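# Results of the structural survey
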Amino acid sequence: GQQVMQIPQYQHVQEGEDFTTYCNSSTTLSNIQWYKQRPGGHPVFLIQLVKSGEVKKQKRLTFQFGEAKKNSSLHITATQTTDVGTYFCAPISNFGNEKLTFGTGTRLTIIP
Amino acid sequence: DSGVTQTPKHLITATGQRVTLRCSPRSGDLSVYWYQQSLDQGLQFLIQYYNGEERAKGNILERFSAQQFPDLHSELNLSSLELGDSALYFCASSVAPAGHSTDTQYFGPGTRLTVL
């Protein structure tokens, strides 16, 4: 079955530094979604990537989908304290395959 | 506010007991998902319903069961509770079934279950 690895598990960065989390799948994906969960909060949808090699930006956040559609990354430029939280990827392996898998998440903490 | 509501917010109970968690999806959403999140853990998918029917099952224990009612709200029943069942239980909803291109999930605020 599909296995998803998200790395790193934890990341501490100085405010203003960049941050990247990676999501790697053992199988080819149809699409991938990213969610953010603030401390004490619930996951919130950020974005969905569908096309091979797709790159999408949301202000300081850049999302990429690999050419082989087996991996994805989320990059934050110049982190701010509001970026604190856990970032989860949620890959979908096949349309119509309703097995849901969230990545283990990357917990980002910011050192002011 | 995602539009998904969950009750209760907090639940404290004893081992061996049974509890029911309730979820109301966003207006118009037909899919409901249940997740368990233990302390410092990721989201473990439990089960999904679409328009009243079970659609997908994850790592849900036999002691746990769920259903989705005609008005689309869902309940997660946890029985013979153990200490290890203490966790945050999230409900999420989406318009389409999982795996569909428009299955963005909207999460509720969660129910924090503490088993003593």
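Our structure is the block above this text.
The following paragraphs examine the structure supplied in this document.

Conventions adopted
Residues numbered from 1 in each chain as written. Chains lettered and ligands numbered in written order. Predicted model: local features only at pLDDT ≥ 70, side-chain atom pairs only at ≥ 80, totals over all residues. Heavy atoms only, no water. Helix = DSSP H or I, 4+ residues; strand = E, 2+ residues; numbered from the N terminus. Rg over C-alpha atoms; globule rule 2.2 N^0.38 Å. Buried < 20%, exposed > 50% of the residue type's maximum accessible area, 1.4 Å probe, protein only. Contact = heavy atoms within 4.5 Å. Polar contact = N/O pair within 3.5 Å; in protein donor to acceptor, adjacent residues only side chain to side chain.

Okay, the overall build of chain B next. Across its full length, chain B carries zero helices and 11 strands. Taken from the N to the C terminus, the helices and strands of chain B come in the order β-β-β-β-β-β-β-β-β-β-β. In terms of C-alpha radius of gyration, chain B reaches 13 Å, essentially the compact-globule figure of 13 Å for 116 residues. With respect to the three principal axes, the spread of C-alpha positions in chain B is 40 × 30 × 25 Å. Evaluated residue by residue, chain B yields a buried proportion of 53% over its 116 residues.

Another aspect to go through is the environment of His42 of chain A. Within the secondary structure, His42 of chain A is located in the loop between strand S4 (31–37) and strand S5 (43–49). For His42 of chain A and Leu108 of chain A, which are 66 residues apart along the polypeptide, the C-alpha to C-alpha distance reads 15 Å. In this view, His42 of chain A contacts Lys36 and Gln37 of chain A together with Ser2, Phe90, Phe107, Gly108 and Pro109 of chain B; residues no more than four positions away in its chain are not counted.

Time to look at the side chain of Asn77 of chain B. Residue and element names in this part refer to chain B. Structurally, Asn77 is set in strand S8 (residues 74–78). For Asn77, a relative accessible area of 7% gives the class buried. Within the structure, Asn77 has its side chain in polar contact with the side chain of Thr20 (distance 2.8 Å). Here Asn77 is in contact with Arg18, Val19, Thr20, Arg63, Phe64, Ser65 and Gln67, once residues within four sequence places are set aside.

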